[in-house]
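Residue-level structural notes
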Amino acid sequence: MKLVKATCLLLILAFALIAVPVGSPRSQPGIERRINAIIARMTLEEKLGQLQQLDGEANGNYRPEHRDMIRKGLLGSTLNVRGAVRTNELQRVAMNESRLKIPVLFGFDVIHGYRTIFTVPLGEASSWDPVVAERSASIAAAEARAAGVAWTFAPMVDIARDARWGRIIEGAGEDPFLGAAMARARVRGFQGSEQSAPDRVMACAKHWVAYGAAESGRDYNTVDMSENTLRTIYLPPFKAAVDAGVGTFMSAFNSLNGVPSTANPFTLTKVLRGEWRFDGFVVSDYTAVEELIKHGVAADEAEAARLALNAGVDMEMVSRLYNKHLPALLRSNKVAQATIDEAVRRILRIKFRLGLFDHPYTDESRESKVIMSQENLSATREIATRSFVLLKNAQETLPLSKSARSIAVIGPLADDQQDMIGSWNGDGRSQDAVTLLAGIKTKVSQSTKIVYAKGCDVSGDSTEGFAEAVRAARQSDLAIVAVGESADMSGEASSRASLDLPGRQLDLVKAIQATGKPVVVVLMNGRPLTINWLAENVPAILETWFAGTEGGNAIADVLFGDVNPGGKLPVTFPRSVGQEPLYYNHMNTGRPPDANNKYTSKYLDVSWTPLFPFGFGLSYTQFRLSDLQLSTKRILPGGELTTSVEIENTGRRAGDETVELYIRDVAASVTRPVMELKGFERVTLQPGERRRITFKLTPALLGFYNREMRFTVEPGVFHVMIGTSSADPNMLQTDFEVAER
Ligand code: GLC
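Residues numbered from 1 in each chain as written. Predicted model: local features only at pLDDT ≥ 70, side-chain atom pairs only at ≥ 80, totals over all residues. Heavy atoms only, no water.

1. As for the overall build of the protein
- From N to C terminus, the protein includes 24 helices and 26 strands.
- In terms of overall size, the protein behaves like a compact globule, its C-alpha atoms giving a radius of gyration of 27 Å where 741 residues would be expected to give roughly 27 Å.
- Considering the protein as a whole, with its 741 residues, one finds that 61% of them fall into the buried category.
- Carbon and sulfur atoms form 51% of the exposed surface of the protein, whose accessible area is close to 28000 Å². (Helix = DSSP H or I, 4+ residues; strand = E, 2+ residues; numbered from the N terminus. Rg over C-alpha atoms; globule rule 2.2 N^0.38 Å. Buried < 20%, exposed > 50% of the residue type's maximum accessible area, 1.4 Å probe, protein only. Areas by Shrake-Rupley, 256 points an atom, 1.4 Å probe, with all protein chains shown as cover.)

2. Here's the deal with the nonpolar core
- Ranked by internal contacts, the top residues of the largest apolar core, which has 91 residues, are Leu51, Trp208 and Phe249.
- The contacts of Phe249, once residues within four sequence positions are left out, are Cys204, Ala205, Trp208, Phe238, Val242, Leu272, Trp276, Phe278, Phe281, Val282 and Val283. (Core = buried A, V, L, I, M, F, W, Y, C linked by side-chain atoms within 4.5 Å. Contact = heavy atoms within 4.5 Å.)

3. Structural notes on the sheet that holds strand 19 (residues 641-649)
- Here we have three strands laid out as an open sheet, ordered 17-19-22, and antiparallel in their pairing. Both outer strands of the open sheet, strand 17 (623-630) and strand 22 (690-697), are each paired with one neighbouring strand and no more. Shown here is a sheet whose adjacent strand axes are inclined to one another by a mean of 20 degrees, direction ignored.
- Where strand 19 meets strand 22, eight bridges bridge the pair, whose relative direction is antiparallel. Bridge pairing in strand 22 places Val645 opposite Ile693. (Pairing = 2+ DSSP bridges. Axes fitted to C-alpha atoms, helices over the stretch in contact; angles between N-to-C directions.)

4. A few points about the packing of helix 19 (residues 436-443) against helix 23 (residues 551-559)
- Between helix 19 and helix 23, the shortest axis-to-axis distance is 7 Å and the interhelical angle comes to 50 degrees. As judged from the angle between their axes, helix 19 and helix 23 are oblique. Here the hand of the crossing between helix 19 and helix 23 comes out right-handed. Only Gly552, Asn553, Ile555, Ala556, Asp557 and Leu559 of helix 23 make contact with helix 19, whose side of the interface consists of Leu436, Gly439, Ile440, Thr442 and Lys443.
- Tallied by class, residues from the contact of helix 19 with helix 23 come to five nonpolar, four polar and two charged. (Parallel < 35°, antiparallel > 145°, perpendicular 65-115°, else oblique. Left-handed = near helix turned anticlockwise from the far one by under 90°. Nonpolar A, V, L, I, M, F, W, Y, C, P; charged D, E, K, R; others polar.)

5. Quick look at the site of the ligand
- Close to the ligand lie 13 residues, the nearest being Asp109, Arg167, Lys206, His207 and Asp285.
- Measuring from an oxygen atom of the ligand, one finds a side-chain N or O atom of Asp285 at 2.6 Å.
- Contact with the protein chains removes 94% of the 310 Å² of surface that the ligand exposes when unbound.
- Of the residues that constitute the shell around the ligand, the class distribution is seven nonpolar, one polar and five charged. (Near = heavy atom within 4 Å. Polar contact = N/O pair within 3.5 Å; in protein donor to acceptor, adjacent residues only side chain to side chain.)

6. Considerations on the side chain of Glu170
- Positionally, Glu170 belongs in the loop between strand 4 (151-152) and helix 8 (176-191).
- One polar contact links Glu170 to Trp424, side chain to side chain, over a distance of 3.0 Å.
- Setting aside residues no more than four positions away along its own chain, Glu170 makes contact with Pro121, Met156, His207, Trp424, Gly491 and Glu492.

7. Quick notes on the pattern of salt bridges
- According to the stated counting rule, one finds 53 salt bridges in the structure shown.
- In this structure, Glu124 and Arg186 form a salt bridge, with 3.5 Å as the shortest nitrogen-oxygen distance. Of this pair, Glu124 sits in helix 6 (residues 121-125) while Arg186 sits in helix 8, and the two are 62 residues apart along the sequence.
- What makes Glu124 buried here is its relative accessible area of 2%. (Salt bridge = Lys/Arg side-chain N within 4 Å of Asp/Glu carboxyl O.)

8. Here we look at the packing of helix 7 (residues 130-146) against helix 8
- Running from amino to carboxyl end, helix 7 crosses helix 8 at an angle of 30 degrees, the nearest separation of the two axes being 7 Å. Comparing their axes, helix 8 and helix 7 come out roughly parallel. In the crossing of helix 7 with helix 8, the sense of the turn from one axis to the other is right-handed. Taken together, the residues of helix 8 that come into contact with helix 7 (itself represented by Pro130, Ala133, Glu134, Ala137, Ser138, Ala140 and Ala141) are Ala181, Met182, Ala185, Arg186, Arg188, Gly189 and Phe190.
- Here the contact of helix 7 with helix 8 is composed, by residue class, of nine nonpolar, two polar and three charged.

9. Looking at helix 10 (residues 236-243)
- Within helix 10, the full set of buried residues consists of Pro237, Phe238, Ala240, Ala241 and Val242.
- Residues of helix 10 that are buried sit in contact with helix 8, strand 5 (204-208), helix 9 (227-234), strand 6 (248-251) and helix 11 (265-275).
- Looking one or two residues beyond helix 10, the residue adopting positive phi is Gly245, at roughly 90 degrees.

10. Observations regarding the packing of aromatic side chains
- Within the structure shown, the criterion is met by 22 aromatic pairs.
- Seen from their ring centres, Phe249 and Phe278 are 4.9 Å apart, and the 50 degrees between their planes marks the pair as tilted. In this pair, Phe249 is assigned in strand 6 and Phe278 in the loop between helix 11 and strand 9 (281-284), connecting sequence segments 29 residues apart. The residues Phe249 and Phe278 share a single accessibility class, namely buried.
- Relative to Phe616, the ring of Phe612 lies with its centre 5.7 Å away and its plane at 25 degrees, an arrangement referred to as stacked.
- Judged by relative accessible area, which is 7%, Phe612 ranks as buried.
- Put simply, the rings of Trp128, Phe177, Tyr584, Phe614, Tyr662 and Phe680 pair up and form one aromatic cluster.
- The ring of Tyr361 carries Arg92 above its face, with NZ or CZ at 5.9 Å from the centroid. (Phe/Tyr/Trp six-rings, centres within 6.5 Å; stacked < 30°, edge-to-face > 60°. Lys NZ or Arg CZ within 6 Å of the ring centre and 35° of its normal.)

11. Overview of the pairing of strand 15 (residues 519-524)
- With respect to burial, strand 15 is a largely interior element, six of its six residues being buried.
- Along strand 15, one buried face is formed by Val519, Val521 and Leu523 and the opposite face, lined by Val520, Val522 and Met524, is buried too.
- Where strand 14 (residues 478-484) lies against strand 15, six bridges are found, and the strand directions are parallel. By the bridge assignment, Gly484 is partnered in strand 15 with Met524.
- Between the parallel pair strand 14 and strand 15, the chain is carried across by helix 21 (residues 505-513), and the sense of this crossover is right-handed. (Right-handed = clockwise from strand over helix to strand, strands pointing away.)

12. Section: the domain arrangement of the protein
- Here the protein is partitioned into domain 1 (381-579) and domain 2 (623-738).
- Inter-centroid distance (C-alpha atoms) of domain 1 to domain 2 is 34 Å.
- Across the boundary between the two partners, domain 1 contributes nine residues, which contact 10 residues of domain 2.
- Roughly 730 Å² is buried in total at the junction of domain 1 and domain 2, and carbon and sulfur atoms are behind 29% of that figure.
- Ranking the residues of domain 1 by area buried against domain 2 places Arg386, Asn564 and Lys568 at the top, with a combined share of 66%.
- Inspection of the region where domain 1 meets domain 2 yields three salt bridges.
- With a closest N to O distance of 3.2 Å, Arg386 and Asp656 form a salt bridge. (Domains from an automatic or database assignment. Buried area = accessible area lost by both parts, 1.4 Å probe.)

13. Some words on the sheet that holds strand 9
- Read from one edge of the open sheet, three strands run 5-6-9, paired in parallel fashion. Every other strand in the sheet has two partners, leaving strand 5 and strand 9 as the edge strands with one partner each. Averaged over all neighbouring strand pairs, the angle between strand axes comes to 25 degrees, with direction disregarded.
- Pairing of strand 5 with strand 6 involves three bridges; the strand directions are parallel. Bridge pairing links Cys204 to Thr248 in strand 6.

The following block contains the structure:
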């Protein structure tokens, strides 16, 4: 009997050692031993060299002074150096001429593609298809690694509820559930299961944390929120990235509740290390360590270095305060040797995971084979078509006929290669981009006459080109008008106080509309826009964001019906910028808006409702949801249930629809949103096809943070709502109860 017991105990112990709980360090004893052996040999200067990243960009080459720093072991990473030949040159210095032969980590912003550029991340989120996000990230990783880049500063997983904030374009929108799904998918795409593979890169979850909640939507501005909001809305996509095994984090520029994110022990250590057991490393954002002085929490450089390192920032991007001040801070016991060693350990761990010690060089033959391959170009075109959102299609204006007699293609963005690839376009080249005009010309029949007129610029006050544009419309059967924003109106340091179409673009659309010809507006933009007049007056509007290298072909695929659009908005479009921040998962208040009661929460001058709601998007076919079911009407607090609905394609052509599951915790110990997304599935159905879609509701989806900041499921009634938009007029609803006991 004793033998049996002993065997069982051994088996349990063995399993415990092998089982790697989610979020715990995926420590590999062999790597840890090699790391410790290296650290034991490092001088302080060599250790600080690993904590330093510098911008290597120098007119497409690297900075010559970095060779010497690498040779001396004083530089462990660069950003912006890319190209297999160049990175190998610097890597040979590290591996052949430095004392300890620690490989250099080359980082770059591969945000939505390396050279083959994909739709912007907000566009990708509009696909509501994590498979798409994983696929584009894996292609981007393969191209980047072939160019010697082993680390991307992506995915950006900041939740954004304010369309004035330019960086809303870089993330997955306003919802934590959709944001988490996209974060997981993108980390998996970039990193794969084996980061040492020649087609994978280390990902970086950024910007840690709550950067998107900048007051007034003004970039880099102050962030102040309750811990409840932080944990409920802003943390989930980052946690999803950690659960997906993300190797690095980037600390944000903003202050959070009075403490800059780059010197914040609560987020950098208590949450990230203590609660989530993240075992990668944290890099600061660009000079964010030095900016602690401007934030007013550091009296001088040495204080800034001390605060950032002790809070949990391992690598300093571009500013050099660690190298400059840590030796003296160490001598005066203001930082501990163990803290420095732990930062070095985390960085070396990631370099090992990337295989850089064993395979430091890039195969220089791969670049020409991998980059901008036909397969990659086909992928970016297909992915872009899944990102488009059909906002309006009155009188079935779309799809257009490929054999139309004549089409006017008008607008400042109609024949624009640069803006088509958006901001943060990596190593993308505008000359590779297919414009809307080019895509339309390729798509239509030989007999179709295409007339192009720019009409006006994106911004500026000139209407000189209107007459030519009106003439083009008058001589055509219909007009396609491409308006929106230039790529530099969103992205970093690009907040706008207005959400209107810039310049005279709206007047241009009005002038074309006045010709009486059918008008199709193609929007190219990086944020929700207050396109109220378009929504009222133009028969068809297609949201295309910035669609990437094959953008023009992708848009033509949809305009002319080769692809039926199925995208859904990941962000709310307001009627007025005055409504911002505006988001669907808001609280009810004690006086929810009521048009028939003055004394309720609304405006005097504009409706409180969105222009286009979160989750909204049309199709060239129609769908119907029916027969909402629950597996039970009552569960215990730890219990779970399933809910299902039937969806049918009631139209005449195949198409995609996204079924969206929302819940509402009707009464709880803290206020809860009027609805929260807790499931979605995009399906393709043939005409007449029906399918049952099933979702599971678990405690993790039903729970929330209570007044004591404990995640819990409280007894009470929950509404279950399933629709095809957060404001679906045909939303199906039922409810269930969580029992006391
Ligand atoms: C920038 C951005 C960050 C980017 C980094 C490196 O300032 O905030 O998103 O990854 O610098 O380019």
